[in-house]
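# Commentary on secondary and tertiary structure
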Amino acid sequence: MTEDLLKSLNSAQTKCVTHRPDSPLQILAGPGSGKTKVLTSRIAYMILHHGMDPSSICAVTFTNKAANEMRARLIKLVGKDSVNKVKLGTFHAICALFLRKYGTSVGLDGNFTICDSDESPKEKLRKMSYHAKEFDIVSSKAISSTSTNEHFQRVFAEIYRDYEKTLRTNNSLDFDDLLLFGVRLFSQHPRYAAWCQHILVDEFQDTNAVQYELMCCITAVSRCVTVVGDPDQSIYGWRSADITNLGKMRNDFANVAQIMLEQNYRSAGSILATSLAIISQDTSRIAKTLHTDHPLGPLPMLPAFIAWEINRMIAQSGGMLGFGDFAVLLRFNAISRTIENALQKEGIPNRMLGGHQFFERAEIKDILAYLQLVDNPHFEPAFSRAINNPSRGIGDKSLGEILSRAQTLGISPLTLVERIHDSIIPDLKPSVKRKVQSFVDVMRSLRSSATDGMEPAQLIGKLLERIEYQEHLKKSQPDWDTRWENVQELISFASDATADASNVPVVDEDESSLQ
């Protein structure tokens, strides 16, 4: 079986795959050099040739999409049962996995909510305090530059304290917190990472300082790491990616081997020649090259060629093609300006198309708000969204009164409206008791079903029926059918997520049993 695994690899790839699993390895992989194939083959080789337990292997990717691709490839090599034992996902996903189970060790409740950018308390805090303090700083001309810097630091520290306090009150974490609490968990309680005999990290050039520390914590016992990266493709410095992590690894780990993947399987020779001519001007880069067996191919063209080619094809089609028959796909929006200019110069009408990612769509966030509230009754953003979706006649003023009263009483907004509903505490003015009746009934029904073990997909189905969400979309959205299809896709996602739930190792709390 391992012979078949190595048969399709070139010599450099084979060296990477067969490198000793008990020794750290850096793989510097240029674009199109088969790095995903090498990573998956190395994991498979560890399992099939070296007999490593799949549950002792951790594979970290930069995106969920990359994780899914790696999982699909691994299943073909070692089977689904083995792949389900491998801890495979992004740094954030792996931290969330262990914090859900062992978060109490670092002061977290296991049912914490992970905030997205809209639900994060940052926006609320910005409105509450930042503008006023910023105005105070910049308008005070008497303050010297040194004291201004100190004043900034004090203000930022105060805002950060308020931000963290709001997160804890809401029993929630933002994405940065997942990493920070992950580091805290694995560094303060090494037994939770003792299962890991080898960690493999993809896109290592894009890791930041916290992610590097997290990698070191997970491998504190084994000290066995494989990283794959390309310093020439480090583009996330604005997001704190630290290319010097490659050098840190060589200092922090003993006898790190370095192998370069320099054969490109993706691009024509002219593309590689142009790319190398540009990147080679960086004299501080690690010297490496790229070569290919593909022919030279046509020379890379400027955006003007796109406009010229559209006009040429329309002219040659004899009226069969029009401007509306063409689309230009961009890897990222920043390159659109030069293309738009080229199209405008050639008199080609065009428009940029945008859209929301799946979990950013309003109908998806509506449904998830209910589920978040079932899981974490203290999560205020979910309550604020769910209470009036579909509409129950609760305006901004009533919602503000609910949130304010809940804060005064030191209870969650959901608990408050339940107690108003049950006549345990007085109603608000204007009255909300009648308006929240259906909401309270739905939440109690969902909570009961969840406690009884109902699967998420079934829970969503029950929710949709109870709040008549399809009818709500029909009445409120002109594209209701598309939105309803998105909701159905959410149910499919929930079913798949339940089926593919990761297997977290059970750690015996008795320290002596771990020796």
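For the structure itself, look to the data block above.
To keep things clear, this report deals only with the structure shown in the data block. (Residues numbered from 1 in each chain as written. Predicted model: local features only at pLDDT ≥ 70, side-chain atom pairs only at ≥ 80, totals over all residues. Heavy atoms only, no water.)

### Section: the environment of leucine 416
Looking at where leucine 416 falls in the secondary structure, it is placed in helix H18 (residues 413-421). Using a relative accessible area of 0% as the deciding quantity, one classes leucine 416 as buried. On a C-alpha basis, the gap between leucine 416 and leucine 403 in space is 8.8 Å, while along the polypeptide they are 13 residues apart. (Helix = DSSP H or I, 4+ residues; strand = E, 2+ residues; numbered from the N terminus. Buried < 20%, exposed > 50% of the residue type's maximum accessible area, 1.4 Å probe, protein only.)

### Some remarks on unusual backbone geometry
In the segment running from asparagine 389 into proline 390, the intervening peptide bond is cis, with an omega of 0°. Positive phi, close to 55°, is recorded for arginine 223, a residue that is not glycine. Its place among the elements puts arginine 223 in the loop between helix H10 (209-218) and strand E7 (225-229). Of note in the backbone geometry, glutamate 468 takes a positive phi value of approximately 50° without being a glycine. Mapped onto the elements of the fold, glutamate 468 is located in the loop between helix H20 (456-466) and helix H21 (469-476).

### Observations regarding helix H17 (residues 396-409)
If you check H17, its first and last C-alpha atoms are 20 Å apart, about what 14 residues at 1.5 Å a residue would give, namely 20 Å. Every buried residue of H17 is listed here: Ser398, Leu399, Ile402, Leu403 and Ala406. In a view along the axis of H17, the buried residues occupy a sector of 135°, so they form one face of it. Exposed residues lying more than 90 degrees from the buried face of H17 are Asp396, Lys397, Gln407 and Thr408. On its buried face, H17 sits against helix H16 (380-386) and H18. One or two positions beyond H17, positive phi appears at glycine 410, with a value near 70°. (Expected span 1.5 Å × (residues − 1). Arc of directions from axis to C-beta. Contact = heavy atoms within 4.5 Å.)

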